[in-house]
Amino acid sequence: MYLYLSHNPRTLYLVTGSHDERKGRPQRALVFRAAEANSAQVIVEFLPKDEVNLTSAVRLTSRIIKGCLGLISVENDTFLAVVSSATEVGNTRPSDSQFESVAKIHEVLFYCLTSHSWDDFSASQDTLLNPENTDALMAREQQHYSQSTTPPVFEHPCMPLTKILSSGSFYYALDPAWDLSSRLPVRLARDRSNAHDIGIFDERFVWNEYIVRSLLNFRERLDPPEREELDKCQFIILAIQGYVGVFTMALPAPPVNGAPVIATLSLISRLGWRRAGTRFNTRGVDDDGNTANFVETETILTTDQHCVSYTQVRGSVPLFWEQQGLQTFGQRIQITRPHASQPAFERHFAHLMEEYGATHAINLLGSKENEAILTSTYAKHLQIARSIWGDELSITHYDFHNAVRIGGHDSVMRDLCRLEGVNNNMERYGFTMCDASIDSLITEQKGVFRTNCLDCLDRTNFVQDIFSRKALEQYLTFVHREWLQAGALWTHHRELWAENGDALSRIYAGTGALNTSVTRTGKRTLAGVLSDATKSVSRAYINNFQDKGKQIAIDMFLGNMNNQRQVDIFDAIHDSVGKALQQRLSEYSTTQPCSIFAGTWNVNGRLPSSESLLPWLFPRDICRPDIFVLGFQEIVQLTAQQIMQPDPERKRVWEQKVMETLERRPQRTCDYVLLRSEQLVGTAILVIVRSDLTAVIRNVEGAARKTGLRGMSGNKGGVGVRLDYYDTSFCFLTAHLAAGHSNIEERNADFHTIVKGLHFQKGKTLSSHENIIWLADTNYRIDLDNESVRARSEADDFDSLVAADQLRQAIDSGDAFFGYEEGPMLFRPTYKYDLGTDNYDTGEKMRIPAWTDRILFKGRFDLAVYSRAELKSSDHRPVFALFRSEVRIIDVVKRAALSRLLLENTLSATPGEKLDEKLASLVLPDESYSELPPPSTDDDAWWNRPEHPKGIFSISIAHLMESNTANPFDSSEESAFSSSPSSSDEELYSHAMGLQSPITPVRKPPPPPPRSRYTDV
């Protein structure tokens, strides 16, 4: 196909060519242009080729376009992404009646729909990138940009995306279209009529799902014949990232006719995108149970008789952990939520068990301090999870580095084969095998090995190579024992796994894998050792200095940036439904009250004393807030040594003191866990939540911004934690602003520096949040003389002091904290006191008392209490506030049902009918039973219908809970059965549902998140 451009209006045409027609594809064109009324929308048409006038159009590239990856918005312009260069890797299953061939993408170009400004720049030029040199080119350009003070003036806005997509790590299925994103047994389980439906795929592994979603929705709205023609044209490409390798070989013949058997060995690695990123930027698990560097790898051996598939997975240790700051060869690991990881941990394994069956984890981490901490925490979490799944979930800890140090790489294979748990599960899980002639399943793999090391690269790849070989040996032992000694088979097998290791390592770490010389040849050579050393140094440089820019590009491509908008294909009907759905938010969501305790205290560099924290944390009989947010300043003395290398032990001591106070409080009715803590030199923030809320608090992140010495020093600055409580976002910040009575402008500047410079993942900033609380030593003073301030403080004449307060003046003038609120100042200034007394500073400097310690807020808050506590172990008094708010809980099932109802009524509207009034009058019916499938008959069963794959029917638990229909099998009160001393399951369930919300089941896996982040409207 070819790509053309015409003007007035600016239009892009993707048109089939003669080479497409020779392949039997229809003569059609896919036409794109920006909507006139809304530049954020695109108008797309699928037309016969002879209806498109190309006389005034210009062909944009001499290349034959392979297909379209989708539409993306970058810097307020909309771009069409097309594949301009790709080569065929091979046919992964030649024995199948229809080929399953794969192509590797070498070049992706972006063409602008909304502006001609970028027509002549690099991301849309005919420059073919050599796939073998792409990594080196990216490294050179990133190094050039990192050393420059200003970026290139005319760089194409999609250049970072072009570099990633043209890196040689993306693949797609060739015509006839087949689902490259799903493993063999999943494809074989589908109806044969859906085998080539590009709308059916594994969403976990299709990397362009975000930018192609609007085109897939457009495709769904076409009539079936047009949809079939669109698929035949292969205008739309679904791409995976990872590795695909294919080798075809002749193997010894059975003693029948002497002719050799032609076999094909393929390896397909599918990298998940849901927690995508680079090595030091993306670690561990997210709240939905997705792990960094999650890869499904499938080994496929095909002969004329059988097709054998064996699947393994790898992924980062499923805990909340990260590596911050400059990382060299000593890995500094921080487990960020040690007491609140279990729900996400269990969600991860719930996904694995649902998708693959029984799961055996192989943990290859070593005994060094940091890796040992991860191993210990991993083991504890898995032991708890085994109370849910029992023997279906198991783990083997194997110190790979120690084994190699003692016995060499050969010892790893021997050791793993001797481990009882590994050996038993290899036999138990088996492999998938189908009859190659009719594609019928003979046996199916019943479980999966999940392997990890620290990066899930070198050690993991080495061990997965061993497991893959063992699975093939299992098959050959039963069917072709003579092939067990086939040198060609194992040579190609080693080569595929070595290439796989290099490919996955380049994606995640920027260099090829270590130990590949051993994987390829089975031997450790001097050249291999030198190569590994070079790669290690390159990784350290790339990961520390280049990966942040790459991470931003990945997030942009996946739609993870907070301010990013998805390109929408104009559809008046669906636009009306979306608008009506937003206006009726209250119909598919509920709110729940929540309470937040916020406190701030400058502790003057002192460790906790014997003084109790109860007067601060539980004043005035405050019972049990949902969340405690505590900000500390000067937890270390602000010396040059501490500023350069702050002591984290001080923060841990204060954490311990706070948690002990919460545990030993009188009238204790609930437990609390430390959700997240962050430190910037002397400034620290602790976020502590009720233990029963950890399952509904997600996306917890921390960030810091230095303001001292113009942003280079952390003696002053801010540190924040953000989170989502159900479907409501919160951000909490503590800060220590510039000191000095007259340094008002410096304090104002510090505030703006923190607001502009505090960035969380995926482009989130302070303004991205619905609710914000500052708890800080702001250092704003009172503009009165010392004697007046002291006298008025003693007399509790607060109004005259507030009138002279620098912070209130800054807010009123809009110089800082504009739009923030603060409670009434009904307590005396909190700074500065003589230690252990109620006397303001009597020292040499005799500082003027001031309200330096403040709590300000923005969002939907009701302030219940704002005061100070009389703790005397510092020269500041701690301040606290109690907030009441609401969090919103969206029922995704109700939202989908209301969306369908609105769409159906919009489509059925008659000419002249007032659509807005009609939609506003619609009422969502009680769907407790209305959505249930019809009863089955001898001729028809609902679970065999294509709309209910695998017999799965989704129904909202909320609807079941609202139903008042009695259970027909319940005994009446007079029944003899009702006197049984044991409670029924229904009674226990009803009692649990009657408890105060939210309630988290103690030992049930947490509910998985919605399958898709998009809502059909």
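Definitions and limits used
- Residues numbered from 1 in each chain as written.
- Predicted model: local features only at pLDDT ≥ 70, side-chain atom pairs only at ≥ 80, totals over all residues.
- Heavy atoms only, no water.
- Helix = DSSP H or I, 4+ residues; strand = E, 2+ residues; numbered from the N terminus.
- Buried < 20%, exposed > 50% of the residue type's maximum accessible area, 1.4 Å probe, protein only.
- Pairing = 2+ DSSP bridges.
- Axes fitted to C-alpha atoms, helices over the stretch in contact; angles between N-to-C directions.
- Contact = heavy atoms within 4.5 Å.
- Parallel < 35°, antiparallel > 145°, perpendicular 65-115°, else oblique.
- Left-handed = near helix turned anticlockwise from the far one by under 90°.
- Polar contact = N/O pair within 3.5 Å; in protein donor to acceptor, adjacent residues only side chain to side chain.
- pLDDT = per-residue confidence, 0-100.

1. As for unusual backbone geometry
In this chain, N8 is followed by P9 through a cis amide linkage whose omega measures -5°. Residue position: P9 is located in the loop between strand 1 (2-6) and strand 2 (11-15). A positive phi angle, close to 50°, is found at N293, a residue other than glycine. The residue N293 is located in the loop between strand 11 (261-271) and strand 12 (295-302) in this model. Judged by its relative accessible area of 5%, N293 falls in the buried class. With a phi angle near 55°, N699 is a residue other than glycine that sits in the positive phi range. Along the chain, N699 turns up in strand 26 (residues 697-708).

2. Section: the sheet that holds strand 23 (residues 627-633)
Strand order in this open sheet of six strands is 24-25-23-22-32-31, and the pairing throughout is mixed. Of all strands in the sheet, those with a lone pairing partner are strand 24 (672-680) and strand 31 (862-868), marking the two edges. Each strand axis lies, on average, 20° off the axis of its neighbour in the sheet, ignoring direction. Taken together, the six bridges between strand 23 and strand 25 (residues 683-690) define a ladder with antiparallel strand orientation. By the bridge assignment, L630 is partnered in strand 25 with L686. Its contacts with the sheet put helix 20 (residues 648-663) on strand 22 (589-602), strand 23, strand 24 and strand 25, and the angle it makes with strand 24 is roughly 155°.

3. Some remarks on the packing of helix 10 (residues 410-418) against helix 12 (residues 458-479)
Contact geometry for helix 10 and helix 12: axes closest at 11 Å, N-to-C directions at 60°. Put simply, helix 10 runs oblique to helix 12. Classified by chirality, the crossing of helix 12 by helix 10 is right-handed. Each of V412, M413, L416 and C417 in helix 10 lies in contact with helix 12, whose residues at this interface are F462, V463, I466, F467 and K470.

4. Quick word on the side chain of D202
With respect to the helices, strands and loops of the structure, D202 is situated in the loop between helix 4 (184-188) and helix 5 (209-220). Overall, the relative accessible area of 13% leaves D202 in the buried class. A distance of 2.8 Å separates the side chain of D202 from the side chain of R204, its partner in a polar contact. In contact with D202, not counting residues within four places along its chain, are D179, S181, S182 and E355.

5. Notes on the confidence of the model for the protein chain
Caution applies to low-pLDDT parts of the model: their predicted coordinates are not meant to be read in detail. Chain-level statistics for the protein chain give a pLDDT mean of 83 and a share of 81% at 70 or above. Contacts from residues 956-965, a stretch scored under 50 in pLDDT, to residues over four places away or in other chains number 15 contacts. For the stretch residues 971-1002, pLDDT sits under 50, and the model shows 18 contacts to residues farther than four places along the chain or on other chains.

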